[in-house]
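Close look at the chain arrangement
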Amino acid sequence: MHKENLVLIGNGMAGVRTLEELLKLAPDHYNITVFGEEPYGNYNRIMLSPVLASEKTIEQIMLNGEQWYIDNGITLHKGKKVEQINRARREVIATDGTVAHYDRLIIATGSVPFMLPLPGADKAGVIGFRDIKDVDTMLATASQYQHAVVIGGGLLGLEAANGLMKQGMNVTVVHLLDTLMERQLDKPAAAMLQKSLAERGMTFLMEHSTAEILGQERVTAVRFKNGTEIPADLVVMAVGIKPNTELGKSAGLYCERGIVVSDTMQTITDPKIYAIGECVQHRGIAYGLVAPLFEQAKVAANHLAKHGIARYVGTVTSTKLKVTGIELFSAGDFTGNDQTEDIVFKDAASGTYKKIVLQDNQVKGAVLYGDTVDGSWYFQLMKDGTDVSAFRDTLLFGQHHLGDSGHNPDTRVASLPDNAEICGCNGVCKGDIVKAITEKKLFTLDEVRAHTKASASCGSCTGLVESLLAHTVGGDYSATPKTKPLCKCTDYTHDDIRHGIIQHNLKTMPAVREHFEWKTPDGCPSCRNALNYYLLCAYPTEYVDDAQSRYINERAHGNIQKDGSYSVVPRMFGGMCTSDQLRAIADVADKYQVPTMKVTGGQRIDMFGIKKEQLPAMWKDLSAAGFVSGHAYGKAMRTVKTCVGSEWCRFGTQDSTGLGVKLEELTWGSWMPHKFKLAVSGCPRNCAEATIKDIGVVCVDSGYELHIGGNGGIKVRVTDLLCKVATEEEVLEYTGAFCQFYREDAHYLERTAPWIERVGLEKVKTAILSDAANRKALYERFLISQQPAQIDPWKARADGAEAAEFTPIMIEA
Amino acid sequence: MSKWIEVVELNKIPVLGSRLIKTRDTDIAVFRGSDDQVYAIRDACPHKGGPLSQGIMHGSTVTCPLHNWKIDLSSGNALAPDHGCSNVFAVKVEGGRVFLQL
Ligand SMILES: Cc1cc2nc3c(=O)[nH]c(=O)nc-3n(C[C@H](O)[C@H](O)[C@H](O)COP(=O)(O)OP(=O)(O)OC[C@H]3O[C@@H](n4cnc5c(N)ncnc54)[C@H](O)[C@@H]3O)c2cc1C
Ligand code: HEM
Ligand code: SF4
Ligand code: SF4
Ligand code: FES
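The shown structure was predicted, so the numbers you read here are calculated from the model rather than taken from an experiment.

Moving on to the packing of aromatic side chains. Scanning the model with the defined rule gives 15 aromatic pairs over all chains in all. Through pairs of rings, three or more aromatic residues link up here, namely A:Phe676, A:Phe738, A:Phe741, A:Tyr742 and A:Trp755. Taking the ring centre of A:Phe294 as reference, the NZ or CZ of A:Arg17 above it sits at 3.7 Å. The ring of B:Trp4 carries the charged tip of B:Lys92 above its face, separated from the ring centre by 4.3 Å.

Our next topic: the pairing of strand E2 (residues 17-22) of chain B. The buried fraction of E2(B) amounts to 5 of the 6 residues, a majority that puts the element mostly inside the structure. Inspection of the sheet shows strand E39 (residues 809-810) of chain A paired to E2(B) by 2 bridges, in the parallel sense. From the neighbouring strand, A:Met810 faces E2(B), where its bridge partner is B:Lys22. Connecting the antiparallel pair E2(B) and strand E3 (residues 27-32) of chain B is a turn made up of 4 residues.

In this section: the sheet that holds strand E8 (residues 99-101) of chain A. All names here are of chain A. Strand order in the open sheet made by the 3 strands is E6-E7-E8, with antiparallel pairing throughout. Among the strands making up the open sheet, the edge pair consists of strand E6 (82-86) and E8. Across this sheet, the average inter-strand angle for adjacent strands is 20°, counted without regard to direction. Note: strand E7 (residues 91-94) against E8, 3 bridges, orientation antiparallel. Bridge pairing in E8 links Glu91 to His101.

Here we come to the sheet that holds strand E16 (residues 219-224) of chain A. Residue and element names in this part refer to chain A. Taken together, the 3 strands give an open sheet; going across it, the order is E15-E16-E17, and neighbouring strands pair in antiparallel fashion. The open sheet has two edge strands with one neighbour each: strand E15 (210-215) and strand E17 (229-231). Shown here is a sheet whose adjacent strand axes are inclined to one another by a mean of 25°, direction ignored. In terms of strand pairing, E15 meets E16 through 5 bridges, oriented antiparallel. Considered in E16, the bridge of Leu214 is made with Ala221.

Residue and element names in this part refer to chain B. Averaged over chain B, the pLDDT score is 90; the fraction of residues at 70 or greater is 99%. Element-level pLDDT for chain B is lowest in strand E1 (residues 4-9), with a mean of 90, against a maximum mean of 95 in strand E4 (residues 38-42). Model confidence for the complex is summarised by a pTM of 0.51, with the ipTM given as 0.81.

A few words on the nonpolar core. Residues and elements named next belong to chain A. Of all hydrophobic cores here, the largest spans 84 residues; its most connected members are Leu158, Leu164, Leu193, Val236, Leu321, Leu395 and Ile433. Considering every element that reaches this core, the biggest residue donor is helix H6 (residues 155-166), with 6 residues. Among the domains, domain 1 (4-110 + 244-305) and domain 2 (113-242) are the pair contributing at least three residues each to this core. Core analysis: the second largest hydrophobic core is formed by 50 residues, Ile106, Met265, Ala301 and Tyr312 among them.

All names here are of chain A. By nearness alone, 33 residues border ligand 1, and Ala14, Glu38, Arg130, Glu278 and Lys322 come closest of all. Within the contact set of ligand 1, an oxygen atom lies 3.2 Å away from a backbone nitrogen or oxygen of Met13. Here Arg45 contributes a side-chain N or O atom positioned 2.8 Å from an oxygen atom of ligand 1. It is helix H1 (residues 13-25) that contributes the most residues to the shell around ligand 1, 3 residues altogether.

All names here are of chain A. At a closest axis distance of 10 Å, the pairing of helix H21 (residues 656-667) and helix H22 (residues 728-745) adopts a crossing angle of 35°. Viewed along their axes, H21 and H22 form a crossing whose handedness is right-handed. Along the contact surface, H21 presents Leu659, Lys662, Leu663, Leu666 and Thr667, while H22 presents Glu728, Val731, Leu732, Thr735, Gly736 and Cys739. Looking at the contact of H21 with H22 residue by residue, the classes come out as 6 nonpolar, 3 polar and 2 charged.

Here we come to helix H23 (residues 752-759) of chain A. Residues and elements named next belong to chain A. Along H23, the positions that sit buried rather than exposed are Thr752, Ala753, Trp755 and Ile756. Take H23 and look down its axis: the buried residues cluster within an arc of 165°, on one side only. Count one or two residues on from H23 and you reach Gly760, which has phi positive near 95°.

What follows deals with the UniProt feature "binding site: siroheme" (unreviewed entry) in chain A. All names here are of chain A. Here, the residues flagged by UniProt with the feature "binding site: siroheme" (unreviewed entry) are Cys687. Of note, Cys687 is situated in the loop between strand E35 (676-681) and strand E36 (695-700). The class of Cys687 is exposed, set by a relative accessible area of 61%. Beyond its immediate sequence surroundings of up to four residues, Cys687 is in contact with Cys643 and Ser681.

Our next topic: unusual backbone geometry. Positive phi is not limited to glycine here, since A:Glu689 has a value of about 55°. With respect to the secondary-structure elements, A:Glu689 resides in the loop between E35 and E36. Of note in the backbone geometry, B:Asn68 takes a positive phi value of approximately 65° without being a glycine. If you trace the backbone, B:Asn68 turns up in the loop between strand E6 (61-63) and strand E7 (70-72). B:Asn68 sits in the partly exposed class, given a relative accessible area of 47%.

This brings us to the pattern of salt bridges. Residue and element names in this part refer to chain A. Using the criterion set out here, one finds 51 salt bridges over all chains in the structure. We note a salt bridge from Glu91 to Arg89, for which the minimum N-O separation is 3.8 Å. When its relative accessible area of 17% is taken as the criterion, Glu91 is described as buried. Residue Arg89 is classed as exposed on the basis of its relative accessible area, which comes to 56%. The salt bridge involving Asp371 is made with Lys354; its shortest N-O contact spans 3.6 Å. Highlighted residues: Asp371 in the loop between strand E27 (362-369) and helix H10 (375-384) and Lys354 in strand E26 (residues 352-359), separated in sequence by 17 residues.

Contacts between the two partners involve 31 residues from chain B and, on the opposite side, 31 residues from chain A. Each partner contributes to the roughly 2500 Å² buried at the junction of chain B and chain A, and carbon and sulfur atoms together form 57% of this total. Ranking the residues of chain B by area buried against chain A places B:Lys22, B:Gln54 and B:Ile56 at the top, with a combined share of 26%. Remark: the boundary between chain B and chain A carries 1 salt bridge. Put simply, A:Glu59 and B:Lys48 hold a salt bridge, and the shortest N to O gap is 2.2 Å. Here chain B is connected to chain A by 15 residue pairs in polar contact (both at pLDDT 80 or more). The set of elements that each furnish at least two residues to the side of chain B that touches chain A consists of E1, E2 and strand E5 (56-58) of chain B. If you tally residues by element for the side of chain B that touches chain A, the top one is E2(B), at 5 residues.

Overall, the predicted model of chain A reaches an average pLDDT of 89, with 96% of residues at or above 70. The low-confidence segment residues 475-482 of chain A, where pLDDT is below 50, has 11 contacts with residues more than four positions distant or belonging to other chains.

Residues and elements named next belong to chain A. For the coordinates displayed, the defined rule picks out 0 disulfides over all chains. With no disulfide of its own, Cys255 lies 8.9 Å from the sulfur of Cys279, the closest cysteine sulfur. By relative accessible area, which is 15% here, Cys255 ends up buried.

Next up on the list: the pairing of strand E1 (residues 4-9) of chain A. Residues and elements named next belong to chain A. Here E1 pairs with strand E2 (residues 30-36) via 6 bridges, running parallel. Residue pairing across strands places Ile9 opposite Phe35, the latter belonging to E2. Viewed along the sheet, the connection from E1 through H1 into E2 turns out right-handed. Sheet analysis places E1 next to strand E9 (residues 104-107), joined by 4 bridges and oriented parallel. Within the sheet, the bridge partner assigned to Leu6 lies in E9 and is Arg104.

Take the side chain of A:Asp103 next. Residues and elements named next belong to chain A. Relative to the elements of secondary structure, Asp103 occurs in the loop between E8 and E9. Relative accessible area serves as the criterion here: at 13%, Asp103 is assigned to the buried category. Only 2.6 Å separates the side chain of Asp103 from the backbone nitrogen of Asn5, close enough to count as a polar contact. There is a polar contact of 3.1 Å between the side chain of Asp103 and the side chain of Arg90. Setting aside chain neighbours within four positions, we find Asp103 in contact with Glu4, Asn5, Arg90 and Lys272.

Conventions and cut-offs
- Residues numbered from 1 in each chain as written.
- Chains lettered and ligands numbered in written order.
- Predicted model: local features only at pLDDT ≥ 70, side-chain atom pairs only at ≥ 80, totals over all residues.
- Heavy atoms only, no water.
- Phe/Tyr/Trp six-rings, centres within 6.5 Å; stacked < 30°, edge-to-face > 60°.
- Lys NZ or Arg CZ within 6 Å of the ring centre and 35° of its normal.
- Buried < 20%, exposed > 50% of the residue type's maximum accessible area, 1.4 Å probe, protein only.
- Helix = DSSP H or I, 4+ residues; strand = E, 2+ residues; numbered from the N terminus.
- Pairing = 2+ DSSP bridges.
- Axes fitted to C-alpha atoms, helices over the stretch in contact; angles between N-to-C directions.
- pLDDT = per-residue confidence, 0-100.
- Core = buried A, V, L, I, M, F, W, Y, C linked by side-chain atoms within 4.5 Å.
- Domains from an automatic or database assignment.
- Near = heavy atom within 4 Å.
- Polar contact = N/O pair within 3.5 Å; in protein donor to acceptor, adjacent residues only side chain to side chain.
- Left-handed = near helix turned anticlockwise from the far one by under 90°.
- Contact = heavy atoms within 4.5 Å.
- Nonpolar A, V, L, I, M, F, W, Y, C, P; charged D, E, K, R; others polar.
- Arc of directions from axis to C-beta.
- UniProt positions renumbered as here; feature names shortened; annotations may be inferred.
- Salt bridge = Lys/Arg side-chain N within 4 Å of Asp/Glu carboxyl O.
- Buried area = accessible area lost by both parts, 1.4 Å probe.
- Disulfide = S-S within 2.5 Å.
- Right-handed = clockwise from strand over helix to strand, strands pointing away.

Shown next as structure tokens:
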């Protein structure tokens, strides 16, 4: 079949979404060619704000890399601007002379920042906020200069200002009016927003109008109409956008504010040409948010695929601000008039404000600040025109007010109807998400994103999607799918398999796979590692560890770094050391020319940049100096952090360092479901931060408090108190017993904190405290498993074990 | 045409594991499946060049140790949802010895 040629001008969000929708409907219909002025694949423009705030990287916001174009047979001309459309010959011509012929053309050239025509606006350092180039400029400026001025206190301006502030600049936001974001917020909400941004260090000049930009080549200051001046090394203009109609106009397409299109997204001048995104005007409106563009994309794709049944009739939009820590939602008409009534809730102390505008018992608009969980519900009521008279009294308290004391989003999303929109950007409803979760057995946010696109654009609904996920797969939901299988290779759960291993005396991986009806011959990286651990835990003296079922860090006994080199961390028991030991480490570092050394948070020394082939020799030298592996690379006992303690510290109540050394001697080498850290503090001042460790010992005058299940990291969890004991011997016994109970009970890759939250502290207390015989048995099993575990893996390899792992084969070819 | 070169004995490659072959121009990972099928692929992940020889092998796939891309060893292609491709080399086993075509 002869394929028609489709050309897309503008490799941005709307254009490429149209192609994605088209490929779903008619993958083979066209030869597709894309021209993009920017030298990249297709990226998520709205995430430039988090990139500027260092919360995301450019890489994380790429939507379709260049490989995507190749895989879909699309010719991508990146970095090429189209300067002419010859409608008579149906050709587009780029500035470098590239010509492409089209049967259908899509114009998706987006918009350009509106730059105020001020004297001096052409100086270096005066930019808009639109693309990767602008973000690069801002980041580069922030690293050299101090003063940033953002003109425009709207959504974009505030996101830019927040990012620049995060980069360490002094930021002043200049706004013409007396309230921020006047198109989205009413005065009280705007005032709360301004206050909280000011508290973070942002400066505001309200009701200021810029007169001139001063400086030589580069901007140095900004002068206002009232005569005042402020210093400026960077000026970001965020006063609005202008549909980019230049090309459309020159091709003779009818334009007003944007290129005018019909309900089928065809230009009204030439039906062979579609236009889409921010460059168009549809029924008088030029949109500046992605949700409408994505709807337009669906319609255009439908027609391009020759289905011919879709119409675009406009979109009602809502807005969220992407500044981490500030929750803000706005939709519809929030100012009201003499026909409308307002319902308002304001709690300045807790920073919450809600206003809902009603007319004839229907929601016309809403502004929420501080607590936005119900935003999507109000937005839904507004779009559906629901009569709210029945629940007007409690409307402000949200959908799930009855008996819900806290702001618990989990229970609130549960009460949303299936047609409630969760992801505004991509128009995904609760029902779609729940269906995808249950039918496709999805368990992670990424999976939900991949299948439904929910939360994949601006990300502000991530919390809602996570709650839905928790609720849908969690234990108390009526439509719960089967409990989560260990991995895709089997239908059985971690617990089924752990019990089965013991009950049926399964001692090898093939035996487990056969018993539990594995669907793959060798398993996958998830289950191989888990099974290897489960078998090792169950049969510590018999099971032969399978090196090929360990992640490379554990196989090579070092952490692989981003360049493929490894790190070496020798164990320093309790963080104690001698000058001889330090000298030995220094000698090794010199001998192997270690490029970087660092004292870790675990109180030992990390040497980076070691080539894999060098590892055994280096270990041999360390081993000769008395060091053993620090297991900094493993799902294993890592370190025992200690404070100074009674030996030197004037507050110390017990010998925390001595106890730390004993604990590390007891536990080192132990393989665990996940990494495992201990700490001992000599008094409740807790200098060793023991209350965020898997086990933390806090010494007191009368003995030792044992705390368990703490975690630092992304989600901090403070430990629970397990008990208090009187002697060091008891500390060791309880610690060993706790380690073993965790080793035998937790799922592989489950740290103590989520494990305790899953099984409950009571279960742990019962196992260890209530039954002394059980505790002693656990401790006994721990000691047995430690015997093989404390054969130092480094020394073994330095002496020749697993030599092939570390020796490449050299070929002269 | 390029010639076959003997690189290693089959039983010196761990089952479901690999050996790293360094040639003058490039590093090549030679993998051995649980069925003794042998694969050779450039030791660089299409994502960010991660050393595939250090990954975990399963079936005829290896998972890259750096960011968990899965690469099909017979074609060199990354499995969905990722996209990318690494060179594969012709490889054969004769009399318990592994030969690479270079
Ligand atoms: C920092 C920032 C934050 C934002 N935050 C949000 C948000 O939270 N929520 C939301 O809904 N929206 C947000 N937006 C708006 C959203 O990004 C836009 O609505 C959307 O990107 C518009 O898509 P588009 O395809 O029409 O244009 P674009 O994505 O701008 O794509 C147009 C592309 O066409 C190229 N082009 C132009 N002319 C030519 C030519 N002649 N030849 C070749 N190529 C050409 C351009 O280089 C550009 O890459 C934000 C925008 C920015 C800048
Ligand atoms: C997403 C979670 C985490 C990741 C990916 C991570 C990664 C790492 C890596 C790769 C190393 C080893 C560096 C090396 O030697 O090459 C390391 C060491 C360390 N991490 Fe983390 N870490 C995480 C969470 C945490 C948490 C929650 C804490 C503290 C509460 C923490 C504290 C430490 C400490 C103290 C060390 C040094 C340990 C030692 O001396 O062996 N990490 N981490
Ligand atoms: S925790 Fe107490 S004993 Fe330890 S160093 Fe701090 S003050 Fe001293
Ligand atoms: S916090 Fe941990 S994971 Fe993050 S960069 Fe530092 S060492 Fe790496
Ligand atoms: S380098 Fe292989 S997955 Fe990133």
